[in-house]
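Here are the chains, one letter per residue:
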Amino acid sequence: MLHGMAIPNTFRCFRIHNDDRGHRSGIEEASLGELSPGEVTLAVAWSSVNYKDALAGTGNGRILRSFPLVGGIDVAGHVLRSRDGRWREGDAVLVTGCGLSETRDGGYSQYLNLDADDIVALPDGLDLRQAMALGTAGFTAALCLLRMEHNGQKPEAGPILVTGATGGVGMLAISLLTGAGYQAHALTGKFERLDELTALGAASVLDRRTLTMGMRPLESARWAGAIDCVGDEILGWLTRVIQPRGNIAACGMAGGNELHTTVMPFILRAINLLGIAAGSTDYPTRQALWQRLAGPWRPPHLEQIAANEVGLEDLPGVFEAMLSGKTTGRTLVRIGGD
Ligand SMILES: NC(=O)c1ccc[n+]([C@@H]2O[C@H](COP(=O)([O-])OP(=O)(O)OC[C@H]3O[C@@H](n4cnc5c(N)ncnc54)[C@H](OP(=O)(O)O)[C@@H]3O)[C@@H](O)[C@H]2O)c1
């Protein structure tokens, strides 16, 4: 289908600027030669919206290291041309993180050059749309569980609390945990989404707005572990309510970037606080995690979680809604489509 496909002189992308005219972003025409160089050129099929994309696109967070850049930290599509022996025309591939929309042009573009070292082959069992339904969010949820299990987490130890539960990472984490045999509990600021969280498998749903956190260095230990998308006072509270030897995977800061706690949970309960940096994960781990996400760790509710699909022109509205906490689940960005 792709053989001999000509790349148009110009095509659509969603580009982010910050210059003497200020921060701005929107749809533009670009040519391949203007974009970051790379050995592999991709016809982009799908991208997605992550919290980091919303920060980058609105200028609310310092994500881009240089300007202008095309946004989009996730991309999936077919190889059009390759100067690297590992990749051939027609290959279905994906990249998450790896500097996309940070140090090089990202996935919100019809065509894109990629560094061959960053590319992961689409694993058997996922199509391109499903790969982007997972995207950085799904990869992050899986990385959290991988790190927790490396630190001894087991389903029989007890429930795992997921915070920021209605977000992309949160919903995928609940579904993934449930599918992997864990009991997942959810903490949300959108308690009205109780039914959706329960449908994903959450055995218990807590309302963040009425949560009593207590003030003691050690509170009653209720969960065997946690995946935290929120940070700040929620992460501080988690350190005080996790059972002995339990793991907290700290992946997000949707609620703030501070952490106030004491050493007591670490030296009296031997809890582990695990840092998660999905974008810079080493290549063997990325490959292995994508294989798991296509197989035993595939979130059973992937299609329901990623029901929202938009085009490049819709991105500003999605970014605003996401930063004000109004989105739920994953939003796919259709570029070339299937
Ligand atoms: N470390 C990494 O490698 C990595 C990778 C991916 C994502 N992340 C981070 O993980 C977090 C979640 O990402 P995402 O893509 O899932 O974003 P998202 O879809 O916007 O989800 C964030 C969720 O956090 C909760 N939330 C939002 N604002 C909040 C506030 N002010 N206080 C407390 N909770 C709030 C909301 O859930 P409820 O209403 O249900 O509480 C929201 O749905 C972000 O901070 C993102 O930057 C980190």
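Calculation criteria
Residues numbered from 1 in each chain as written. Predicted model: local features only at pLDDT ≥ 70, side-chain atom pairs only at ≥ 80, totals over all residues. Heavy atoms only, no water. Helix = DSSP H or I, 4+ residues; strand = E, 2+ residues; numbered from the N terminus. Contact = heavy atoms within 4.5 Å. Near = heavy atom within 4 Å. Polar contact = N/O pair within 3.5 Å; in protein donor to acceptor, adjacent residues only side chain to side chain. Nonpolar A, V, L, I, M, F, W, Y, C, P; charged D, E, K, R; others polar. Pairing = 2+ DSSP bridges. Axes fitted to C-alpha atoms, helices over the stretch in contact; angles between N-to-C directions. Phe/Tyr/Trp six-rings, centres within 6.5 Å; stacked < 30°, edge-to-face > 60°. Buried < 20%, exposed > 50% of the residue type's maximum accessible area, 1.4 Å probe, protein only. Lys NZ or Arg CZ within 6 Å of the ring centre and 35° of its normal. Patch = residues over 30% accessible without salt bridge, like charges linked within 9 Å, V, L, I, M, F, W, Y side chains within 5 Å. Areas by Shrake-Rupley, 256 points an atom, 1.4 Å probe, with all protein chains shown as cover. Salt bridge = Lys/Arg side-chain N within 4 Å of Asp/Glu carboxyl O.

**Q** Quick question: what am I supposed to make of the side chain of Ser175 here?
**A** Locating Ser175 in the fold gives a position in helix 3 (residues 168-179). In this structure Ser175 touches Leu200, Pro299, Pro300, His301 and Ile305, once residues within four positions along its chain are discounted.

**Q** When you look at the site of the ligand in this model, what are you seeing that I'm missing?
**A** With respect to spatial proximity, 25 residues lie near the ligand, and among them Thr188, Arg208, Cys251, Ile276 and Ala278 are the closest. Take Met253: an N or O atom from its main chain is 2.9 Å from an oxygen atom of the ligand. One of the backbone N or O atoms of Ile276 is found 2.7 Å from a nitrogen atom in the ligand. When residues of the shell around the ligand are traced back to their parent elements, those giving at least two are helix 2 (128-150) and helix 3. Broken down by class, the residue content of the shell around the ligand amounts to 12 nonpolar, 11 polar and two charged.

**Q** Looking at this structure, I do not really get the sheet that holds strand 12 (residues 223-228). What am I missing?
**A** Paired through their backbone hydrogen bonds, the strands of a sheet run either parallel or antiparallel. As summarised here, the arrangement of the six strands in space is 11-10-9-12-13-14, forming an open sheet in which the pairing is parallel. Strand pairing shows two members of the sheet lacking a second neighbour, strand 11 (204-207) and strand 14 (272-275), which therefore form its edges. Across the sheet, the mean angle separating the axes of adjacent strands is 20° when strand polarity is ignored. Here strand 9 (residues 160-163) runs beside strand 12; their pairing, made up of three bridges, is parallel. Counterpart to Leu161 in the pairing with strand 12 is Ala226.

**Q** Can you walk me through the packing of aromatic side chains in this structure?
**A** In this description, a pair of aromatic rings is defined by centroid distance and the angle of the planes. Tallied over the full model, the rule gives six aromatic pairs. Judged by centre distance (6.2 Å) and plane angle (85°), the ring pair of Phe14 and Tyr108 falls under edge-to-face. Taken together, the residues span a long stretch of sequence, with Phe14 in strand 1 (residues 11-19) and Tyr108 in the loop between strand 6 (92-96) and strand 7 (111-114) at a distance of 94 residues. Both residues of the pair, Phe14 and Tyr108, belong to the buried class. Each ring, one from Trp223 and one from Trp237, has its centre 5.6 Å from the other, and the planes form 70°; the classification is edge-to-face. Highlighted residues: Trp223 in strand 12 and Trp237 in helix 5 (residues 232-241), separated in sequence by 14 residues. Here the two residues Trp223 and Trp237 agree in accessibility, since each one is buried. Three or more aromatic residues joined by ring pairs form one cluster here, namely Phe14, Tyr108 and Phe319. One cation-aromatic arrangement involves Arg129 over Trp46; the distance from NZ or CZ to the ring centre is 5.4 Å.

**Q** So what exactly am I meant to see when it comes to a nonpolar patch on the surface here?
**A** Among the surface-exposed residues, Leu259, Val263, Met264, Phe266, Ile267, Leu268 and Leu273 lie close enough to one another that they form a single nonpolar patch of about 610 Å² accessible area. Looking at the nonpolar patch element by element, the count peaks at four residues for helix 6 (residues 264-268). For Leu268, the location among the structural elements is in helix 6.

**Q** Can you walk me through the pattern of salt bridges in this structure?
**A** Applying the stated criterion across every chain, the model contains 17 salt bridges. With its nearest N and O atoms 3.0 Å apart, the salt bridge here joins Glu34 to Arg15. One end of the pair, Glu34, is in the loop between strand 2 (22-30) and strand 3 (40-49); the other, Arg15, is in strand 1, with 19 residues separating them in the sequence. The class of Glu34 is partly exposed, set by a relative accessible area of 45%. Glu192 is the salt-bridge partner of Arg209, the closest N and O atoms lying 3.3 Å from each other. Residue Arg209 is located in the loop between strand 11 and strand 12, and its partner Glu192 is located in the loop between strand 10 (184-188) and helix 4 (194-200); the two are separated by 17 residues in the primary sequence.

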